[in-house]
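# Descriptive structure summary
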Amino acid sequence: MTETFDFIEIKIPAKAEYVGVVRLSISGIANRMGFAYDDIEDLKVGISEAITNAVKHAYNETGEGEITLGFGVYEDRLEVMVADHGGSFDLKKVKEDTGPYQEEDSIEELREGGFGLFLIDALMDKVEINNKYGVIVLMTKYLHENEVGFNDDQISTTQ
Amino acid sequence: MNLNINVDDNEKLKTVTLSGEIDAYTAPKLKETLLPLTQEDQAVVKVDLEGVSYMDSTGLGVFISALKSTKEYDSQLTLVKMNDRVYRLFEITGLTEIIDIETDSTVRGGM
């Protein structure tokens, strides 16, 4: 069975000043699809983190190169692809540096830049990373998964 | 898509009022402004985030740097009036445990 979907592609210079532009784009796409406010905010953070990573690691902030963004608009979900074409970062190291702060960690050990991938993982429903040719981050957010919004995270301690 | 930073430097009490978005583009400017304030011995730095409509891990990074700096210079950092979205990022990452955040808990989660 083949699923039909709309595909939107955007290419931006690998510069931090374009992250905000992409946030507006994804906000528009997700809003058109009927995503709830909190899910749209999650998507904005997710895509910004992926672009920030691409700008930082792949290009060493020299501002050269491009980032390609793909949006797969499906009936029940939005798939977002962020691809840098060029350099790559050490995925294993990125994963090792990823995770929430633990109370036994000392403040000196706190990672100032290590929360990006962790947040993508926490805010998206599915995340895949392909490190073969440059870095491609593919993240998926489903419609209607959390109809109550994020406040239920704080209340449903019995689950 | 920008960040406005207003600093009220009143001797030992420094209030930084932010409005706009904190992301990879605006975070360096925030760090440049905030860090020197925390590097004054025994300074009390209050950051008002009421006007911040968007923040991501780049913002968390800036506040972690500032917190580290307070330990070094014996100063204090307090974040006040952040919205639920911004607070949530501190919560997910476990940073609510170590950064001093003033919230109105009766409002939070009640909507």
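Everything numeric here is computed off the predicted structure, so don't read it as measured data.

The next point concerns the sheet that holds strand β2 (residues 13–22) of chain B. All names here are of chain B. The 5 strands are arranged β1-β2-β3-β4-β5 in an open sheet whose pairing can be described as mixed. Because the sheet does not close on itself, it has two edges, and the strands there are β1 (3–10) and β5 (100–102). Going across the sheet, the axis of each strand differs from the next one's by a mean of 20°, ignoring polarity. Across 5 bridges, the pairing between strand β3 (residues 44–55) and strand β4 (residues 76–80) is parallel. Across the sheet, the residue bridging to D48 is V80, located in β4. Its contacts with the sheet place helix α1 (residues 27–38) against β1, β2, β3 and β4, and it is angled at close to 10° to β1.

Core analysis: the largest hydrophobic core is formed by 64 residues, its most contacted members being I47, I51, A54, V82 and L119 of chain A together with V52 and F63 of chain B. Take this core: its biggest share by element is 7 residues, from helix α2 (residues 37–59) of chain A. Those residues within four positions of L119 of chain A in sequence are excluded, and the remaining contacts are V45 and E49 of chain A together with D56, S57, L89 and I92 of chain B.

An α-helical turn contains 3.6 residues, so any two residues separated by three or four positions project in the same direction. For helix α4 (residues 116–123) of chain A, the tally of buried residues reaches 6 of 8 residues, placing the bulk of the element in the interior. Among the residues of α4 of chain A, G116, L117, F118, L119, I120 and L123 of chain A are the ones counted as buried.

This part is about the packing of α1 of chain B against helix α2 (residues 57–73) of chain B. Residues and elements named next belong to chain B. Packing of α1 against α2 leaves a shortest axis separation of 9 Å and a crossing angle of 15°. As judged from the angle between their axes, α1 and α2 are roughly parallel. α2 is crossed by α1, and the crossing has right-handed handedness. On α2, the residues that touch A27, L30, K31, L34, L35 and T38 of α1 are T58, G59, G61, V62, S65, A66, S69, T70 and Y73. Taken together, the residues of the contact of α1 with α2 break down into 7 nonpolar, 7 polar and 1 charged.

The next thing to look at is the sheet that holds strand β2 (residues 66–73) of chain A. Residue and element names in this part refer to chain A. If you trace the 5 strands from one edge of the open sheet to the other, you get β1-β2-β3-β5-β4, paired in antiparallel fashion. With partners counted over all chains shown, the strands left at the sheet margins are β1 (6–13) and β4 (126–130), one partner each. Taken pair by pair, the neighbouring strands of this sheet meet at an average axis angle of 15°, ignoring direction. Two elements, β2 and strand β3 (residues 77–84), share 7 bridges in a ladder whose sense is antiparallel. Across the sheet, residue T68 finds its bridge partner in β3, namely A83. The strands touched by helix α1 (residues 19–33) within the sheet are β1, β2 and β3, with β1 carrying the most contacts at an inclination of about 170°.

Moving on: unusual backbone geometry. Of all residues except glycine, most have a negative phi; of all peptide bonds, most are trans. All names here are of chain B. One non-glycine residue, D74, lies in the positive phi region at around 60°. Mapped onto the fold, D74 is located in the loop between α2 and β4. Residue D74 is classed as exposed on the basis of its 10 C-beta neighbours within 10 Å. For K81, which is not a glycine, the phi torsion comes out positive at approximately 60°. Mapped onto the elements of the fold, K81 is located in the loop between β4 and α3 (84–92).

Okay, α1 of chain B next. Residues and elements named next belong to chain B. Between its first and last C-alpha atoms α1 spans 16 Å; for 12 residues at 1.5 Å apiece the expected length is 16 Å, and the two agree. Among all positions of α1, only A27, L30, L34, L37 and T38 are buried. Seen end-on, α1 carries its buried residues on one side only, within an arc spanning 95°. Along α1, the residues that are exposed and aim more than 90 degrees away from the buried face are P28 and E32. On its buried side, α1 packs onto β1, β2, β3, α2 and β4.

All names here are of chain B. Topologically, E40 is positioned in the loop between α1 and β3. When the C-alpha positions of E40 and E11 are compared, they lie 9.9 Å apart, and in sequence the two are 29 residues distant. Residue contacts for E40: discarding those within four places in its chain leaves Y73 and S75.

About the cut-offs
Numbering of residues starts from 1 in every chain and runs along the sequence as written. Written order decides the labels, with chains lettered from A and ligands numbered from 1. It should be noted that, the model being predicted, local features are given only for residues of pLDDT at least 70 and side-chain atom pairs only at 80 or more, the latter also being counted only at that level, while totals for whole chains, interfaces and linings use all residues. In this scheme, strands are said to pair when DSSP sees at least two bridges between them. In this description a helix means any DSSP run of H or I spanning at least four residues, a strand means any run of E spanning at least two, and both kinds are numbered starting from the N terminus. Axes here mean lines fitted to C-alpha atoms, for a helix over just the part in contact, with angles spanning 0 to 180 degrees between N-to-C directions. Contact between residues is assigned whenever the C-beta positions, reconstructed from backbone atoms, fall within 7 Å. Only buried residues count toward a nonpolar core: Ala, Val, Leu, Ile, Met, Phe, Trp, Tyr and Cys, linked into one set through C-beta atoms within 7 Å. Here a residue counts as buried when 20 or more other C-beta atoms fall within 10 Å of its C-beta, as exposed when 12 or fewer do, and as partly exposed in between; the C-beta atoms come from the backbone. When an angle is under 35 degrees it counts as roughly parallel; over 145 it counts as roughly antiparallel; between 65 and 115 it counts as roughly perpendicular; any other value is oblique. Take the far helix as the reference: if the near one is turned anticlockwise from it by less than a right angle, the crossing is left-handed, and if turned clockwise, right-handed. Each residue is assigned to one of three groups, with Ala, Val, Leu, Ile, Met, Phe, Trp, Tyr, Cys and Pro labelled nonpolar, Asp, Glu, Lys and Arg labelled charged, and all others, Gly among them, labelled polar. The span one expects for a helix is its residue count, reduced by one, times 1.5 Å. Directions pointing from the helix axis toward each C-beta atom define the arc.

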